[in-house]
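Spelled out from the first residue to the last, the chains are:
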Amino acid sequence: MIYESKVPVANVWTAPQSPRDTDRKVLQDFININEWIDEQTYEEKLALCEENLIQSQVLLGERVIGLEEADGWMKVVIPQQASRKHPQGYPGYIPVKQLKQVTEGSASATSLIVCQKKATLYQNGEADMEISFLTELAAVKEADEQFHVVTPVGMREINKADVRLVSKAFSLTGKDVVDAGKQFIGLSYLWGGMSSFGYDCSGFSYSMYKACGYLLPRDASDQAVQGTPVTSSHLEPGDLLFFANENGKGAVRHVGIYAGDGMMLHSPKTGRQIELLSLSGTSYEKEWAGARRYLPSERRSDHGS
């Protein structure tokens with residue numbers, strides 16, 4: 001069966017036993033993801049990674065396939081997040097109370113996507129919940145300043161300035177990917193993060209490409225084997241840069257977005273923030289494991305036709 005998330009950001013846990021006492025507040029059907037992030041200590045945030053507690057996240061209304069339900073948990077896969085871990089999408093567990101079975105909406109609904117870093121949904125004029133960049137919504141009515149949208153928790157309103165039409169044409173250039181990412185400089189890293197409340201390294205690259213109309217695989221290790229290989233001397237903005245253990249010869253452990261002029265835009269690790277840095281002289285140089293291009297070369301397109 002197909003389900004959709006009823007909360008602004010639902011954690012996709014590794015197992016039903018993964019959540020700790022500090023995570024109880026994000027297992028409910030109404031959550032404050034910012035509060036959960038802000039109240040964790042550095043050690044608690046690090047444990048999300050080192051103890052492999054979280055796999056990924058889904059945004060409000062994002063669809064998952066339910067595979068099996070037991071003891072208040074649904075084993076799911078996320079079709080939009082491709083992974084070698086499961087042929088149907090990224091696997092994990094979400095509390096059943098955070099999911100709603102999908103019933104097809106009106107064919108006349110207009111698809112919108114949040115284009116600001118965050119946006120507020122309103123209910124009868126009162127602020128109801130804060131939602132993430134790239135959250136998709138179905139508009140059924142248009143007013144002067146707002147759209148009335150259908151959500152998994154009922155009708156809400158959203159300001160027109162916070163959304164754009166999903167059908168809007170994409171220019172699909174590497175520069176667009178970089179520009180999308182630069183607005184998040186200073187945002188704290190979050191393991192498993194797939195929202196503008198916090199991204200991990202591959203969640204960041206995935207989301208910035210999605211903002212430009214292109215779906216990457218979810219994890220860095222999968223992103224590193226698709227696309228077209230690029231040498232370090234032929235990098236263009238938007239190319240993905242990969243880094244690995246054992247001086248670049250081991251398992252891929254990190255991904256960043258090439259921003260041009262020897263600079264990388266990336267979400268580094270727990271305790272750090274999204275940053276733009278020069279690769280020269282950093283430890284990343286020693287861990288270089290190659291680059292991949294997912295979009296047509298801008299150099300080539302400039303001289304085509």
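Located above this text is the structure these notes cover.
Being a predicted model, the structure only gives us computed values, none of them experimental.

Calculation criteria
- Residues numbered from 1 in each chain as written.
- Predicted model: local features only at pLDDT ≥ 70, side-chain atom pairs only at ≥ 80, totals over all residues.
- Heavy atoms only, no water.
- Helix = DSSP H or I, 4+ residues; strand = E, 2+ residues; numbered from the N terminus.
- Axes fitted to C-alpha atoms, helices over the stretch in contact; angles between N-to-C directions.
- Parallel < 35°, antiparallel > 145°, perpendicular 65-115°, else oblique.
- Left-handed = near helix turned anticlockwise from the far one by under 90°.
- Contact = heavy atoms within 4.5 Å.
- Nonpolar A, V, L, I, M, F, W, Y, C, P; charged D, E, K, R; others polar.
- Buried < 20%, exposed > 50% of the residue type's maximum accessible area, 1.4 Å probe, protein only.
- Polar contact = N/O pair within 3.5 Å; in protein donor to acceptor, adjacent residues only side chain to side chain.

### Structural notes on the environment of Ala70
Along the polypeptide, Ala70 turns up in strand β4 (residues 63-70). A C-alpha to C-alpha distance of 9.4 Å links Ala70 and Pro16, two positions 54 residues apart in sequence.

### Quick look at the packing of helix α3 (residues 174-182) against helix α4 (residues 201-211)
Packing of α3 against α4 leaves a shortest axis separation of 8 Å and a crossing angle of 120 degrees. In terms of orientation, α3 lies oblique with respect to α4. Relative to α4, α3 is oriented so that their crossing is right-handed. For the pair α3 and α4, contact is made by Val177, Ala180 and Gly181 and by Phe204, Met208, Tyr209 and Ala211, respectively. Along the lines of polarity and charge, the residues of the contact of α3 with α4 split into 6 nonpolar, 1 polar and no charged.

### Comments concerning the environment of Gln146
Looking at the secondary structure, you find Gln146 in strand β12 (residues 146-151). What makes Gln146 partly exposed here is its relative accessible area of 21%. Distance from Gln146 to Lys160, taken between C-alpha atoms, is 4.9 Å for residues 14 residues apart in sequence. Not counting the four nearest positions on each side in its chain, Gln146 is found in contact with Tyr122, Lys141, Glu157, Ile158, Asn159 and Lys160. A polar contact of 3.1 Å, which involves the side chain of Gln146, links it to the side chain of Asn159.

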